Amino acid sequence: MKRPGSATFVLAALAVIPLVLDDYYVHLLIMAGIFFLPVAGMNLLLAGGQLTLGHTAFFGIGAYTSGLLALHWGVSPLYGMVVAAALSALVGYLLGKVTLRLRGAYFVLVTIGFAEVIRLIATNWIDLTQGPLGLPGVPPFDLGLASFTLKSKRQYYYLILVLSTLAYALCARLLRSRFGRALVAVRQNESLAESVGVSAYRVTLVAMVVACALAGIGGSYYGHYTMFLSPEVFSFYNTVTMVVMVVGGGQATVAGPAVGALVFTFLPELLRMAVFYRMLLYGVILLLAVMFMPRGIVDALQRLRRRPSVPAPETTAPTLDVLVVGKASSVRGDTALRVQNVTVRFGGLTAVDEVTFALARSEILALIGPNGAGKTTVFNVVTGFLTPTAGRVLEDGGVDLTRLPPHEVCRQGLVRMFQKASVFPERTAIENVTIAGYRLGRAGFWAMVFDTPATRREEAELAMRARALLAFTGLANRAHEVAGNLSYGEQRLLALAIALAPGPSVLLLDEPAAGLNPAETQRMMALVQEIRRQGVSVLLVEHDMRMVMGVSDRIIVLNHGRKIAEGRPGDIQRDPEVIRAYLGSGETDARV
Amino acid sequence: MLAELVQHVVNGLIIGGGYALMGIGLTLIFGIMRVVNFAHGEFYMLGAFLLFSLFGTLGINFFVASFVAIAAVGVAGAVVERVILRPLRGQAMEIPMLATVALSVILQNAAILAWDPSPKTIRHPFSPIPIVLGPIHVVAIRIFAGVAAVALIIGSHLFIQRTRLGKAMRATFQDGEMARLVGVDVDRVYMATFSFGAALAGASGVLLGSVFWVYPAMGDQAAMKSFAVVIMGGLGDFLGAIAGGLLLGVAESLGAAYISSGYKDAIGFIVIILLLLFRPAGLFGRRDRLR
């Protein structure tokens, strides 16, 4: 997005600017830098789709931790800041553990509540905090020794510039890494993300911990800079300021929080001349900004600039030599998957009734039946999206999948393609497939932060594999198109490439041919056969009988949740009970 | 001892009625429009201030003034929906939410300009001498506030269940797309919902504003309370909001009396965090994995 040249230029400008400004503006720049830290953290979490409005709590915890340590025990603010970051991260971890299972508005409101509770503790725990009076005399920041105490505004400015540059680099690396892609995946399509092996809970929890540590550092610096602590740091006004910075700047973009922090620190100050009307005007400007630039300043600026030239379509796409990765190379038995006596009841309705079947290694097994027969429910059970009322699902090595969440099921080599066109709509085709290769990455958190050579190699391999998969599904020339703009048929092919990206040993296809024209269906059939030829077992739910009869080795027929037939395509076509289920009979009609 | 307990419960229920009204408004707006209304507290404040001006300054009859204040807040809600929220429909959740945050900044600061920041009281026409009901004492205005809150809650319930508009609202709540297909004017439903929700917050402000103080920032705490109420009751759950409101009122009243008055305002959220610890799947376990 940004050339390295422009980053260097911005940094150089930020380094020179305080030399020509008076203290008042330097002060504002320091405040922008301090607020940038928590805001960058919020942005990271928001990239994963979770908006926290309790971030002042962590900012305040940081401020009080290192402030109190310095005030009462003479701990150097430098070490106090480390403790503050650690404590904020710990509290954030605990809060996240409890709340990140919540989604959307619930999470937002619970985090507000958390900040409110912390504010009331700071107000009422008089012995520790002197309550609403606040704690004056917090020592100024030093670099570990009293002789390195910061004295002038400029010194404070340069230190916060270093801190926020580091935070910026950290967030930029994370957002552009496999971890960042996983966050985006969770935000855009959580079910799909889970199905390719991303634990929404885990990645957002990591984001939360980083976000809270950053807020703790910002708060700590704030306390030593202002040399005063009061429960006011927890006020909802501060939360509003932070959320305005992150959303107004441009959420989920790398530069957004920095731009937001600068603009929305200076804006209220510029409005000072309006005296009484200052806050009213601030609200009005905010409202107009939300209404006319809902995706933030950075996004609006990018729209103004002409669109970056799209890379030319690839002429020589790499070919894929291994579709299956990992487990399939250590094939143990002849059976890929066993479904044993699975029953699913929704209230009084039995959707699936004692269904048992096995999927052989490298087999294409079709699951057919009239609408409402329970086929998709079986899929949801197998892939962990639904826990059965009774029964078990076993993988070839005997691993019990019955109670595993979807992302764990993916780690066992089972990946599904959803019934509806299921892609990450705002990302390009190539990004979609790269995101879905998440499971194959090995780089840990710090390896991603420091962008180690091993991480780069891995990223290059993942990118290569994504290109190969697009070529395999015939989408190589659409690689840089945004997924939401692809035709329906192309989106289905992309969904297939996404499902293949984690390198499954068992692929579950839910009506892959639904809505496709005959030519596209033919292509899908050829792909499914090629996938099987490479050693992947396929479980197929399909209504298109040409496809079912054309590709399946065996067919299982479900009706009213019960298995009524199992056999080769030719036998199934002649089975009287199957014909009755599909066409209906006088008998069943009478009962209905 | 017991009399004291009963006294606290009764006080809690009266305030809880106000919380329930706030909560119903917020929960309807969220359930139908998927908007978390951060200006809810400001509608509450607006209701109280309009009553203060109409009754206290202009001298209009207290009951008439209350009614006009509530209706005016409803109209303000309709305007906000049409001008601010409708153009933002279809955006990610945080966008309309942020717009209501901005609105709350605007309204609160406008109130500071219109009616200075000092707290005011509404000199309601009820006698200040407490009425003795067996072991407990309640002032008349509180009884009025409690009875009026109950009447409004029942009225809202009937409105949602019985009227055509209420039915359209419930249909939109269940499935907006489907409702549109069968001919529900969804735009009208949204406007009515936001207007109605705002009016309920305004009503709560009228009632609790008569009992307590009236000041521009009074909505902040009220909004916090209604957030707690709707999380406890379940976002979008009408009966849950009533139960949550009454429960929070009583819990606060008892907590302030027997535990600590300083932490009174935290009780709702402490309860929520404890609930989350024991029900990690979410408060009501309704979240299914397939969305």
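Everything numeric in this text was worked out from a predicted model, so none of it was measured.

On to the overall build of chain B. Of the regular secondary structure elements, chain B holds 11 helices and 2 strands. The C-alpha radius of gyration computed for chain B amounts to 19 Å, which stays within 12% of the reference 19 Å derived for 291 residues, consistent with globular compactness. Its C-alpha atoms give chain B principal-axis dimensions of roughly 55 × 50 × 35 Å. Residues classed as buried in chain B amount to 51% of the 291 residues present. Restricting to contacts in chain B with at least 6 residues of sequence separation, those with at least 24 account for 75%.

Another point: the sheet that holds strand E8 (residues 506-510) of chain A. Residue and element names in this part refer to chain A. Taking strand neighbours across the sheet as the criterion, the 6 strands line up as E7-E8-E9-E5-E10-E11 in an open arrangement whose pairing is mixed. Of all strands in the sheet, those with a lone pairing partner are strand E7 (414-417) and strand E11 (562-567), marking the two edges. Adjacent strand axes in the sheet meet at a mean angle of 20 degrees when their direction is disregarded. When strand E10 (residues 554-559) meets E11, the two strands line up antiparallel, connected through 5 bridges. Paired with isoleucine 555 across the two strands is glycine 567, which belongs to E11. Packed onto the sheet, helix H20 (residues 488-500) meets E7 and E8 and runs at close to 170 degrees relative to E7. Contacting strand E5 (364-368), E8 and strand E9 (537-541), helix H21 (residues 518-533) runs over the sheet at an angle of about 150 degrees to E9.

Residue and element names in this part refer to chain A. The domain architecture assigned to chain A consists of domain 1 (4-235) and domain 2 (326-591). The straight-line distance from the C-alpha centre of domain 1 to that of domain 2 is 43 Å. Listed per partner, the contact involves 20 residues of domain 1 and 27 residues of domain 2. Counting residues per element, the ones that place at least two in the side of domain 1 that touches domain 2 are helix H7 (153-176), helix H8 (178-188) and helix H9 (190-195). Take the side of domain 1 that touches domain 2: its biggest share by element is 7 residues, from H8.

The next subject is the sheet that holds strand E6 (residues 390-395) of chain A. Residues and elements named next belong to chain A. Taking strand neighbours across the sheet as the criterion, the 3 strands line up as E4-E3-E6 in an open arrangement whose pairing is antiparallel. In this open sheet, the two edge strands, each paired with only one partner strand, are strand E4 (349-360) and E6. Ignoring which end each strand starts from, the neighbouring axes of this sheet average 10 degrees apart. One ladder, built from 8 bridges, connects strand E3 (residues 335-346) with E4; its direction is antiparallel. From the neighbouring strand, valine 339 faces E4, where its bridge partner is phenylalanine 357. Set on the sheet, helix H15 (residues 375-382) makes contact with E3, E4 and E6; between it and E3 the angle comes to about 115 degrees.

Residue and element names in this part refer to chain A. Helix length check: helix H19 (residues 453-472) (20 residues) gives 28 Å between terminal C-alpha atoms against 28 Å at 1.5 Å per residue, within 8%. Within the span of H19, buried status applies to Thr455, Leu462, Arg465, Ala466, Arg467, Ala468, Leu469, Leu470 and Phe472. On its buried face, H19 is in contact with helix H17 (429-436), helix H18 (445-450) and H20. Of the residues trailing H19, glycine 474 is marked for its positive phi of about 80 degrees.

What follows deals with the interface of chain B and chain A. Counting from both sides, the interface comprises 42 residues of chain B and, opposite them, 38 residues of chain A. Looking at the side of chain B that touches chain A, the elements that each hand over two or more residues are helix H4 (94-114), helix H9 (218-233) and helix H11 (267-278) of chain B. Per-element accounting of the side of chain B that touches chain A gives the leading share, 12 residues, to H4 of chain B. Across the side of chain B that touches chain A, the residue classes break down as 32 nonpolar, 4 polar and 6 charged.

Residue and element names in this part refer to chain A. One way to put it is that helix H2 (residues 23-47) packs onto H7 with a least axis distance of 9 Å and a crossing angle of 20 degrees. On the basis of their axis angle, the class for H2 and H7 is roughly parallel. Seen from above, H2 lies across H7 with left-handed handedness. When the residues that make up the contact of H2 with H7 are grouped by side-chain class, the tally is 19 nonpolar, 4 polar and 3 charged.

Its place among the elements puts isoleucine 24 of chain B in helix H1 (residues 2-33). Residue classification places isoleucine 24 of chain B among the buried positions, given that 33 C-beta atoms sit within 10 Å.

In the case of a regular strand, side chains alternate between the two sheet surfaces. Residue and element names in this part refer to chain A. Between E3 and E4, which pair antiparallel and follow one another directly, the connecting turn spans 2 residues, one of which, glycine 347, has a positive phi of 60 degrees. Where E3 lies against E6, 5 bridges are found, and the strand directions are antiparallel. Across the sheet, leucine 337 pairs through a bridge with glutamate 395, a residue of E6.

The subject of this paragraph is the packing of helix H6 (residues 164-174) of chain B against helix H8 (residues 186-211) of chain B. Residues and elements named next belong to chain B. H8 packs onto H6 with a crossing angle of 105 degrees between their chain directions and a minimal axis gap of 10 Å. Relative to H8, H6 is oriented roughly perpendicular. Taken together, the residues of H8 that come into contact with H6 (itself represented by Leu165, Ala168, Met169 and Thr172) are Val186, Val189, Ala192 and Thr193. Residue composition of the contact of H6 with H8, grouped by class: 6 nonpolar, 2 polar and no charged.

Below, the discussion takes up the confidence of the model for chain A. Residues and elements named next belong to chain A. Mean pLDDT for chain A: 85, with 93% of residues reaching 70 or above. No element of chain A has a lower mean pLDDT than helix H25 (residues 586-591), at 40, and none a higher one than helix H10 (residues 200-226), at 93. Residue range residues 585-592 is modelled with pLDDT below 50. Its contacts to residues more than four positions away, or to other chains, number 2 contacts.

The end-to-end C-alpha separation of helix H3 (residues 55-73) of chain A is 27 Å, in line with the 27 Å expected for 19 residues at 1.5 Å each. Just downstream of H3 of chain A lies glycine 74 of chain A, where phi reads positive at about 65 degrees.

Another point: unusual backbone geometry. If you check the backbone angles, aspartate 451 of chain A has positive phi at about 50 degrees while not being a glycine. Structurally, the position occupied by aspartate 451 of chain A is in the loop between H18 and H19. The residue arginine 34 of chain B is not glycine, and still its phi comes out positive at about 60 degrees. Position of arginine 34 of chain B relative to the elements: it lies in the loop between H1 and helix H2 (40-57). A residue is classified by how many C-beta atoms lie within 10 Å of it, and arginine 34 of chain B, with 16 of them, is partly exposed.

Right, let's talk about the environment of leucine 37 of chain A for a bit. Residue and element names in this part refer to chain A. Residue placement: leucine 37 occurs in helix H2. Given 31 C-beta atoms within a 10 Å radius, leucine 37 is considered buried. Sequence separation between leucine 37 and valine 538 is 501 residues, and the spatial gap between their C-alpha atoms is 48 Å.

The rules behind each value
- Residues numbered from 1 in each chain as written.
- Chains lettered and ligands numbered in written order.
- Predicted model: local features only at pLDDT ≥ 70, side-chain atom pairs only at ≥ 80, totals over all residues.
- Helix = DSSP H or I, 4+ residues; strand = E, 2+ residues; numbered from the N terminus.
- Rg over C-alpha atoms; globule rule 2.2 N^0.38 Å.
- Buried ≥ 20, exposed ≤ 12 C-beta atoms within 10 Å, placed from the backbone.
- Contact = placed C-beta atoms within 7 Å.
- Pairing = 2+ DSSP bridges.
- Axes fitted to C-alpha atoms, helices over the stretch in contact; angles between N-to-C directions.
- Domains from an automatic or database assignment.
- Expected span 1.5 Å × (residues − 1).
- Nonpolar A, V, L, I, M, F, W, Y, C, P; charged D, E, K, R; others polar.
- Parallel < 35°, antiparallel > 145°, perpendicular 65-115°, else oblique.
- Left-handed = near helix turned anticlockwise from the far one by under 90°.
- pLDDT = per-residue confidence, 0-100.

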